Amino acid sequence: MKQQRQTVIRELLVKATVASQDELRRKLAGRGFHVTQATLSRDIHELRLSKGPGGYSLPSEADEAEDALPDIGEVLGSFGLKVNQAQNLLVLVTTTGGAQPIAAGIDYEDWPEVVGTLAGDDTVLIICPDQEQANQLKTRIEGYLG
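What you see is a predicted model, and the numbers here were worked out from it, not measured in a lab.

Asks: Lay out the packing of aromatic side chains with the relevant residues and their values.
Replies: Within the structure shown, the criterion is met by one aromatic pair. Between the aromatic rings of W111 and Y144, the centroid separation amounts to 6.4 Å while the plane-to-plane angle is 10 degrees, which identifies the pairing as stacked. With W111 in the loop between α6 (99-109) and β5 (116-119) and Y144 in helix α7 (residues 131-145), the pair connects residues that are 33 residues apart, well separated along the chain. With relative accessibility at 11%, the residue W111 sits in the buried group. Note that R140 overlies the ring of W111, its terminal NZ or CZ placed 4.6 Å from the centroid.

What follows is the structure, given as structure tokens:
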């Protein structure tokens, strides 16, 4: 859903000038994506849109290549060690210093199974709505860990 929404945002910006977040939100709603201001702000940040006198614009290809963040698979593969489940909670053990980038990566993924994350130095607590969704997410994360 997030990737589809962000693709539509790119398409909208290529086709026409968008002067404000509210205008962008309305155009997204017209395409079937009803989002909150917080979600839209996150999308704008993740897409690295800039706002000038003419409205929002996409970053240049050089900017995107230079600032590209690693995807969640790379982050989990690099820093994640193992994941344990306790009811609706997941405890993800990481390398020392790896918890913050993993928690941020999970937060940016906007997975429906994730209510929130808390990161220490080498541990991430992932809070899920229920035990079933925690189990689904555990399986997904284990796939990234290898």
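Asks: If you had to explain the environment of D71 to someone new, which residues and values would you point to?
Replies: Note that D71 resides in the loop between α4 (61-67) and α5 (72-79). Separated by 44 residues in sequence, D71 and K27 place their C-alpha atoms 28 Å apart.

Asks: So what's going on with unusual backbone geometry? Which residues, and what values?
Replies: Even without glycine at this site, R48 takes up a positive phi of about 55 degrees. Checked against the element boundaries, R48 lands in the loop between α3 (37-46) and β1 (50-52). We note that Q87 has phi near 60 degrees; this positive angle belongs to a residue other than glycine. Within the secondary structure layout, Q87 lies in the loop between β3 (80-86) and β4 (89-94). Relative accessible area serves as the criterion here: at 55%, Q87 is assigned to the exposed category.

Asks: If you had to explain the side chain of K2 to someone new, which residues and values would you point to?
Replies: Structurally, the position occupied by K2 is in helix α1 (residues 2-15). Given the relative accessible area of 17%, K2 is considered buried. Within the structure, K2 has its side chain in polar contact with the side chain of E46 (distance 3.0 Å). Ignoring sequence-local partners within four residues, the contact set of K2 consists of D43, E46, Y108, E109 and D110.

Asks: Account for the UniProt feature "domain: Arginine repressor DNA-binding" (unreviewed entry) in the chain, naming residues and giving values.
Replies: Taking the numbering used here, the UniProt-annotated feature "domain: Arginine repressor DNA-binding" (unreviewed entry) corresponds to residues 2-53. Between the end C-alpha atoms of residues 2-53 the distance is 27 Å, and the span holds 65% helix and 6% strand.

Asks: Explain the UniProt feature "domain: Arginine repressor C-terminal" (unreviewed entry) in the chain to me, and be specific about the residues and the numbers.
Replies: Under the local residue numbering, the UniProt record ascribes the feature "domain: Arginine repressor C-terminal" (unreviewed entry) to residues 79-142. For the annotated span residues 79-142, helix accounts for 38% and strand for 34% of the residues, and the straight-line distance between the end C-alpha atoms is 13 Å.

Asks: Could you give an account of the packing of α1 against helix α2 (residues 21-30), naming the residues involved and the relevant values?
Replies: Two elements in contact, α1 and α2, have axes separated by 11 Å at closest approach and are oriented at 115 degrees. In terms of orientation, α1 and α2 fall into the roughly perpendicular class. The interaxial crossing formed by α1 with α2 has right-handed handedness. Residue-level inspection shows R5, V8, I9 and L12 of α1 in contact with α2, the latter providing L24, K27 and L28. Residue classes in the contact of α1 with α2 are distributed as five nonpolar, no polar and two charged.

Asks: Would you mind going over the packing of α2 against α3 in detail, with residue names and values included?
Replies: One can describe the packing of α2 onto α3 by two numbers: an axis separation of 11 Å at closest approach and a directional angle of 100 degrees. On the basis of the axis angle, α2 is roughly perpendicular to α3. Listed contacts from α3 to Q21, L24, R25 and L28 of α2 are Q37, L40, S41 and I44. Taken together, the residues of the contact of α2 with α3 sort by class into four nonpolar, three polar and one charged.

Definitions and limits used
Residues numbered from 1 in each chain as written. Predicted model: local features only at pLDDT ≥ 70, side-chain atom pairs only at ≥ 80, totals over all residues. Heavy atoms only, no water. Phe/Tyr/Trp six-rings, centres within 6.5 Å; stacked < 30°, edge-to-face > 60°. Helix = DSSP H or I, 4+ residues; strand = E, 2+ residues; numbered from the N terminus. Buried < 20%, exposed > 50% of the residue type's maximum accessible area, 1.4 Å probe, protein only. Lys NZ or Arg CZ within 6 Å of the ring centre and 35° of its normal. Polar contact = N/O pair within 3.5 Å; in protein donor to acceptor, adjacent residues only side chain to side chain. Contact = heavy atoms within 4.5 Å. UniProt positions renumbered as here; feature names shortened; annotations may be inferred. Axes fitted to C-alpha atoms, helices over the stretch in contact; angles between N-to-C directions. Parallel < 35°, antiparallel > 145°, perpendicular 65-115°, else oblique. Left-handed = near helix turned anticlockwise from the far one by under 90°. Nonpolar A, V, L, I, M, F, W, Y, C, P; charged D, E, K, R; others polar.

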